Amino acid sequence: MTATTRPAAPTSPADLVVIGAGVIGLSVANAALSRGLSVRVIDRTGPASGASAGNAGGFAFSEIHPLASPDTLLASPKWLLDPLGPLSIPARYAPSIVPWMLRFAKASLPGRVAASTRAQAALMGHAKMTLEPFMALTGTADMLRKTGQIQVLESARAFDAARRECEEAGHFGYSHRTLVGADAIAEVQPGLSPRFTHGIATEEWWAIADPKLYTLALAETLIRKGGWIDTAEARAVETGLEGATIHLADGSTITASRVVIAAGAHSHRLAASLGDRIPLETERGYNTTLPPGAFDLRRHITFSEHGFVAAPLSTGIRIGGAVELGGLDLPPNYARARAMLKKAASFLPGLKTEGGTEWMGFRPSLPDTLPAIGRASRARNVIYAFGHGHLGLTQSSATADLVADLLTGATPAIDLAPFAPDRFKGLI
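We now turn to the structure provided with this report.

Rules used throughout
Residue indices follow the written sequence of each chain, beginning from 1 at its first position. With the structure being a predicted model, the display of local features is reserved for residues of pLDDT at least 70 and the display and counting of side-chain atom pairs for 80 or more, all residues being used for whole-chain, interface and lining totals. Note that the side-chain values use all heavy atoms of the structure and ignore hydrogens as well as water. Secondary structure elements follow DSSP: runs of H or I of four or more residues count as helices, runs of E of two or more count as strands, with numbering from the N terminus. Between the two quantities, the radius of gyration covers C-alpha atoms and the globule rule is 2.2 Å times the number of residues to the power 0.38. Note on classification: 1.4 Å probe, protein chains only; a residue is buried when its accessible area is under 20% of the maximum for its type, exposed when over 50%, partly exposed between these limits. The contact rule is simple, with two residues in contact once any of their heavy atoms fall within 4.5 Å. Only the protein chains shown count as covering a residue, and every accessible area follows the Shrake-Rupley method with a 1.4 Å probe. When charges are counted, neither His nor the chain ends are considered; positive counts come from Lys and Arg and negative counts from Asp and Glu. Throughout, a charge is located at the NZ atom of Lys, the CZ atom of Arg, the CG atom of Asp or the CD atom of Glu. Pairing of aromatic rings covers Phe, Tyr and Trp, the last through its six-membered ring, and needs centres within 6.5 Å; plane angles under 30 degrees mean stacked, over 60 mean edge-to-face, and all others mean tilted. Comment: the charge-over-ring label is applied if NZ (Lys) or CZ (Arg) is within 6 Å of the ring centre and within 35 degrees of the ring normal. Just to be clear on terms, a salt bridge is a Lys or Arg side-chain nitrogen sitting within 4 Å of an Asp or Glu carboxyl oxygen. Two strands qualify as a pair provided that DSSP identifies no fewer than 2 bridges between them. Only buried residues count toward a nonpolar core. Its members are Ala, Val, Leu, Ile, Met, Phe, Trp, Tyr and Cys residues joined through side-chain atoms within 4.5 Å. Definition of a polar contact: a pair of N or O atoms within 3.5 Å, with one able to donate and the other able to accept a hydrogen when the atoms are protein atoms, and with sequence-neighbouring residues admitted only if both atoms are side-chain atoms.

**With respect to the overall build of the protein chain**
Argument step 1. Summing up its helical and strand segments, the protein chain has 11 helices and 20 strands in all.
Argument step 2. Taking 2.2 N^0.38 as the reference for a compact globule, 428 residues should give roughly 22 Å; the C-alpha atoms of the protein chain span a radius of gyration of 21 Å, in line with that estimate.
Argument step 3. Based on the C-alpha atoms only, the size of the protein chain along its principal axes is roughly 65 × 45 × 40 Å.
Argument step 4. The buried share of the protein chain, reckoned over its 428 residues, is 56%.
Argument step 5. Intrachain contacts of the protein chain at a sequence separation of at least 6 include 77% that bridge at least 24 residues.
Argument step 6. A total accessible area of about 17,300 Å² is found for the protein chain, and carbon and sulfur atoms account for 55% of it.
Argument step 7. For the protein chain, the distance from the average position of its 40 positive side-chain charges to the average position of its 37 negative side-chain charges is 3 Å.

Structure follows, in structure tokens:
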């Protein structure tokens, strides 16, 4: 499946230009089109060519706890000693990321963690509520799978910590089932190594058949319903009395009444052209996608103590995850993908590891794990929708609905204050 782009949009300005053709941008574009706006999408490399192509394909609604937390801070020194572990910072990038890490540490204070958890739970609840109506709107409902997820652990201590998080998620309506012993785990997912003695299963973790195919389907729906998608690289945005002007890399411009910046890990550079300094960092994610039939994987498996997942897709078995905070410019370190695959082979005896395709993508991440959803500080006709980290697919329908509300003057369904793009102003 490929998305077809029209050769050019009309010469008259569109009501809305969305910068970014990943799952967030295309979801916003479809939602805005359904509200009666004329919509044009531009992307530097085309639809589904960034992080949306290679994610694990899960709608992780119950994942309400921020990455920024005391537990992460305590575990970070151990993880950082392992260059192929769950969290890594390349040595040559370390000086650049110090300000972001200081903000991350502040966001890990208990009071801020509690506030971030409440905000994330609200956004996740809206995501779960809006997903199926959005998929019906875009003709993609047949790609949804309600297969569930299992988190597997090796130690009672890790199990207790994970169970506490699940119990807290239960306060927001997410149920779970604890599994003790290899036999109990095997009833949910056969074939796991007996080293995993504890598990937590949740049915409120849905999945998409394939995230790239889903994103391309959103592109095709937009075009079929009258929207436009063009390959063009935005370098800056400026606003005036007549609307907004987008300056492109080739020296040309595009005008629109309103603009949404949903350019993923590149979004902060465009925000800077409008005077907003937003501390967006890049979680470089790695994975290997094995051919279909590589393992009898019945649901997503999260290897919590090792920071990666095994995901069943229509196109194969995807082994990936972890976090490498390395910016946009360093070359990929595919040894990280190979390290996860090696672990997966020992965790899933019988996994066929031949014929895989390695991938690396840029996940846009803000220090408190919450995305930026809201207006530019100096331009009410520019809206930001980025910084979802590894939860972009999960939160895409909710973000689309909330941004469409802002675009049309409706009252958003949840309080957007915790997601304000300027919430980091005055911090380090």
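**Some points on the packing of aromatic side chains**
Argument step 1. Applying the stated criterion across every chain yields a total of 10 aromatic pairs.
Argument step 2. For the pair phenylalanine 61 and tryptophan 206, a centre-to-centre distance of 5.2 Å together with 90 degrees between the ring planes defines the contact as edge-to-face. Taken together, the residues phenylalanine 61 in the loop between β3 (58-59) and α3 (70-80) and tryptophan 206 in strand β9 (residues 206-208) connect sequence positions 145 residues apart. Each member of the pair phenylalanine 61 and tryptophan 206 is classed as buried.
Argument step 3. Ring geometry for tryptophan 100 and phenylalanine 104: centres 5.5 Å apart, planes at 25 degrees, overall stacked. Here phenylalanine 104 and tryptophan 100 lie together in helix α4 (residues 94-107), a separation of four residues that amounts to about one turn.
Argument step 4. Looking at phenylalanine 104, the relative accessible area reads 5%, which means it is buried.
Argument step 5. Put simply, the rings of Phe196, Phe303, Phe308 and Phe347 pair up and form one aromatic cluster.
Argument step 6. The ring of tryptophan 206 carries lysine 146 above its face, with NZ or CZ at 4.3 Å from the centroid.

**A short note on the pattern of salt bridges**
Pairing is possible between side chains of opposite charge, provided their charged atoms come close.
Argument step 1. For the structure on display, the rule yields 15 salt bridges.
Argument step 2. Here arginine 35 makes a salt bridge to aspartate 405, at a shortest N to O gap of 2.9 Å. Here arginine 35 is found in the loop between α1 (23-34) and β2 (39-43), whereas its partner aspartate 405 is found in helix α11 (residues 392-408), with 370 residues between them in sequence.
Argument step 3. Judged by its relative accessible area of 7%, aspartate 405 is buried.
Argument step 4. Across the salt bridge formed by glutamate 203 and arginine 299, the nearest N and O atoms sit 3.3 Å from each other.

**Describing the pairing of strand β16 (residues 308-313)**
Argument step 1. Among the six residues of β16, six are classified as buried, and the element is accordingly described as predominantly covered.
Argument step 2. With burial as the criterion, each face of β16 is covered, one bearing Phe308, Ala310 and Pro312 and the other bearing Val309, Ala311 and Leu313.
Argument step 3. Bridge count between strand β15 (residues 300-303) and β16: three bridges; the pairing is antiparallel. Residue pairing across strands places threonine 302 opposite valine 309, the latter belonging to β16.
Argument step 4. Joining the antiparallel neighbours β16 and strand β17 (residues 316-325) is a turn of two residues.

**Notes on the nonpolar core**
Argument step 1. Core analysis: the biggest nonpolar cluster contains 59 residues, and Val39, Val41, Tyr214 and Val260 have the highest contact counts within it.
Argument step 2. Apart from the residues lying within four places of it in its own chain, the contact partners of valine 260 are Leu16, Val17, Val18, Ile19, Val28, Ile383, Ala385, Val403 and Leu407.
Argument step 3. The next biggest cluster of nonpolar side chains, apart from the first, holds 28 residues, and it includes Leu179, Ala201, Ile301 and Ala310.

**Considerations on the environment of leucine 351**
Argument step 1. Within the secondary structure, leucine 351 is located in the loop between α10 (335-347) and β18 (357-365).
Argument step 2. C-alpha separation for the pair leucine 351 and isoleucine 317, spaced 34 residues apart in sequence, amounts to 9.6 Å.
Argument step 3. Leucine 351 has contacts with Leu290, Ala294, Phe295, Leu341, Ala344 and Ala345, leaving out every residue within four places of it along the chain.

**Quick look at the side chain of serine 52**
Argument step 1. Residue position: serine 52 is located in helix α2 (residues 51-54).
Argument step 2. For serine 52, a relative accessible area of 11% corresponds to the buried category.
Argument step 3. Here valine 23 takes part through its backbone nitrogen, which lies 2.8 Å from a polar atom of the side chain of serine 52.
Argument step 4. Apart from the residues within four sequence positions on either side, serine 52 is in contact with Gly22, Val23, Pro211, Lys212 and Thr215.

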